[in-house]
Amino acid sequence: MDSNATKNSVEAVEMSSVDKTPIVHLETSSMDSQLKEEVRQTTDLTAKEQYRKLWTAIKADKRFVWWTLYVMLLVFSWGYDAGLSGVAIAFPEFREYYGNYFAEGKQWVIPALWQSLWNAASTIGQVFGGYAAGQFADVTGRKPLLYLAVALSLASSFALVFAPNLPVLFVSKLLLGLSVGLSTAIPPLYVTENAPAHLRSTASSLTNIIIVFGFFASSMTGFGASKIHGEWSFRLAFIMTFAMPTLFLIGMPFFPESPIWFMKKGREADARKAIIKLFGADTDVDERIEILRTELKQAEAEENGKSQTSWKAIFTKENRTRTFVSVLGLQSQNFSGVLQLRL
Amino acid sequence: MIANYQQGGYFANTYQTYYFELIGQKDPFALTAVSSTLQLLANFVALLLADVVPRRKGVIGGGTILMFWSVIIAGTSMAGTSNVAANTALLAFMITWSMLYTGTVGCYGWAVAQETASQATRPKTISFTLICQQLTALMLSSVFPYFINPDQLNWGGKIMFLFVGAELFIMTALWFFQPETKNRSYADIEVLYAAGVPPRQFKNFAVVDGQVVEKEHKDGFLSRFSRKA
């Protein structure tokens, strides 16, 4: 853009605070037409233009789209596994097999104590899994945590299938909870931090539908398995919980570590390699590196020497409201729940 | 059930089954399958619209509609279990509720939780958000029976108002603080925050060559802004 023309057409407004970026105030009448178009591009595109842009972005970053779907498979996997172990416990055969030591009369029941212990185990597991994700994602990178999530998920499936008693099932629930905690944090993190701006709106809206889809698939499998009689009806449902993590594991060696993590660690060469793996060889690596650097505000961070990756950083003055909004984003789901009522 | 975090979906299905039985449906499984398919469909539509529907409209607008729906459901539920017409209506509202839920807050709530933080703090923010979510879900599911059990508080449908009240608070807070992140690059979002633009007005500003530009001249903007800055 011609800088002289811009200077003439826009009028910089003096800000009282020096460290703030000055806001340019535009007079509509004198606005440079090119600038006007740029403003329109970011603030109000028509739906049609928006979709055309999205489609171009999908075609340009096909490789990234596939990697997104791949890593979100872990989210599907937890929806599927969690749904399935819930389904399996509801099977009469399961209750007969595990509830018999405690049951009275003709009814086979799992003792209420164990049921609440299972719920507690999975919640505790998820809280610690979520915590571990935040604690270690910037230390070890995203990939080791993905491996850990798969390993924990497989371990819990083993315990489910070969569980000789209720306490082992408790441990299994705890492991699955940990895996779920990691799986709800890391893949969405990976996708949101790496998605180019034009893909991000769609990519970051994927999480819920993939969870719902996982639960949907699990109830379909559960319905199928319930047609089988005997011990294998729930065993089969449990065995299916191996399928997804195993499938996921096959792709892991080829999956690139998050470029943004490499940049945070100052490993630019590795970041370049990861970008090529993630976006394809024909991508403009220099441009992407430059974008990552601006996003991380690295120059600024080095200057004031404040850590951007500590727990404290999310409660600083600049980040406080953004953390608050993120939390409320999910809390709005909790509290919209009229159907939580047994009326 | 393990997925207590996904309360909306879980409870929606449970209570739908309960009401299916109440109105004398012999095959609750088939109807529940239909209703989950509708939810999946609604969520899919939301995904397709993610590039067009602004985040603020999706979450705040959707959440507000859900509050009205909740009040209607609570009101209808007071008709009693023997009123077949009321139960059918209730069921219809529950199914549309769960479609609206997965189509708005359910889908975009995640996007807000994931997108709002800065790149540097994102892992910690997502982690903290999930922990808060888990603990709230745990608290709700343990406190819930106390509120509705007949031998304790026995609030019945009245507990709804507690929920709508909490949701109202959340929606108000989001209205003030939620930035519009749709189709914005992270670098632009950082610039807008650094310039002190109020989050609810992000949609009126563009970032051109690292400078914040207001979309068009508005009377009173200058005075309002200089007061803030």
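Residues numbered from 1 in each chain as written. Chains lettered and ligands numbered in written order. Predicted model: local features only at pLDDT ≥ 70, side-chain atom pairs only at ≥ 80, totals over all residues.

(A) A look at the overall build of chain B. Along its length, chain B carries nine helices and two strands. Listing the helices and strands of chain B from first to last along the sequence gives α-α-α-α-α-α-α-α-β-β-α. Within chain B, the proportion of its 229 residues that are buried is 50%. (Helix = DSSP H or I, 4+ residues; strand = E, 2+ residues; numbered from the N terminus. Buried ≥ 20, exposed ≤ 12 C-beta atoms within 10 Å, placed from the backbone.)

(B) Just the confidence of the model for chain B, in detail. Residues and elements named next belong to chain B. For chain B, per-residue confidence averages 78 on the pLDDT scale, and 74% of positions sit at 70 or higher. When pLDDT is averaged over each helix and strand of chain B, the minimum, 47, is found for helix α9 (residues 221–228) and the maximum, 92, for helix α5 (residues 105–115). Note that residues 1–13 has pLDDT below 50 and, in this model, 42 contacts with residues that lie over four places away or in other chains. What the predictor reports for the complex is a pTM of 0.84 with an ipTM of 0.83. (pLDDT = per-residue confidence, 0-100. Contact = placed C-beta atoms within 7 Å.)

(C) Looking closely at the nonpolar core. Residues Met72, Leu74, Ala149 and Ile186 of chain A are the most contacted members of the largest nonpolar core, which totals 112 residues. With 12 residues, helix α8 (residues 166–194) of chain A is the single largest residue contributor to this core. Ignoring sequence-local partners within four residues, the contact set of Ala149 of chain A consists of Leu74, Ser179, Leu182, Ser183 and Ile186 of chain A. Membership of the second largest hydrophobic core comes to 15 residues, among which are Leu35 of chain A together with Leu192, Phe205 and Val208 of chain B. (Core = buried A, V, L, I, M, F, W, Y, C linked by C-beta atoms within 7 Å.)

(D) Expanded view of the domain arrangement of chain B. Residues and elements named next belong to chain B. Assigned domains within chain B: domain 1 (7–177) and domain 2 (186–228). With six residues of domain 1 in contact, the opposing surface of domain 2 contributes five residues. Tallied by class, residues from the side of domain 1 that touches domain 2 come to four nonpolar, two polar and no charged. (Domains from an automatic or database assignment. Nonpolar A, V, L, I, M, F, W, Y, C, P; charged D, E, K, R; others polar.)

(E) Looking closely at the environment of Ile275 of chain A. Residue and element names in this part refer to chain A. Structurally, Ile275 is set in helix α13 (residues 268–279). For Ile275, a count of 25 C-beta atoms within 10 Å corresponds to the buried category. Once you skip the residues sitting within four places of it in the chain, Ile275 turns out to touch Pro259, Thr283, Val285 and Arg288.

(F) Representation of the environment of Trp55 of chain A. Residues and elements named next belong to chain A. Tracing the backbone shows Trp55 in helix α3 (residues 47–60). Judged by the 12 C-beta atoms lying within 10 Å of it, Trp55 falls in the exposed class. Distance in space between the C-alpha atoms of Trp55 and Gln126 is 36 Å, their sequence separation being 71 residues.

(G) Spatial organisation of helix α8 (residues 186–194) of chain B. Taken together, the buried positions of α8 of chain B are Tyr186, Ala187, Asp188, Ile189, Glu190 and Leu192 of chain B. For α8 of chain B, the secondary structure elements touched by its buried residues are α14 (285–296) of chain A together with β1 (205–208) and β2 (211–214) of chain B. One or two steps after α8 of chain B, the chain reaches Gly196 of chain B, where phi turns positive at roughly 80°.

(H) Structural view of unusual backbone geometry. Of note, the phi angle at Asn183 of chain B is positive, near 60°, even though the residue is not glycine. With respect to the secondary-structure elements, Asn183 of chain B resides in the loop between α7 (159–177) and α8.

(I) A look at the confidence of the model for chain A. All names here are of chain A. Residue-level pLDDT values for chain A average 79, and 79% of them are 70 or greater. Ranking the elements of chain A by mean pLDDT puts strand β1 (residues 10–12) last with 40 and α13 first with 93. The low-confidence segment residues 1–19 (pLDDT under 50) makes 24 contacts with residues lying over four places distant or belonging to another chain. Note that pLDDT drops below 50 for residues 339–343; the model gives that stretch 18 contacts with residues more than four away or on any other chain.

(J) Looking closely at the packing of helix α3 (residues 55–77) of chain B against α7 of chain B. Residue and element names in this part refer to chain B. Between α3 and α7, whose axes approach to 10 Å, the crossing angle comes to 165°. Of the possible angle classes, the one that applies to α3 and α7 is roughly antiparallel. The handedness of the crossing between α3 and α7 comes out as left-handed. Along its contact with α3, which presents Val59, Ile60, Gly63, Thr64, Met67, Ser70, Val71 and Ala74, the element α7 presents Met160, Phe163, Val164, Glu167, Leu168, Met171, Leu174 and Trp175. Tallied by class, residues from the contact of α3 with α7 come to 12 nonpolar, three polar and one charged. (Axes fitted to C-alpha atoms, helices over the stretch in contact; angles between N-to-C directions. Parallel < 35°, antiparallel > 145°, perpendicular 65-115°, else oblique. Left-handed = near helix turned anticlockwise from the far one by under 90°.)

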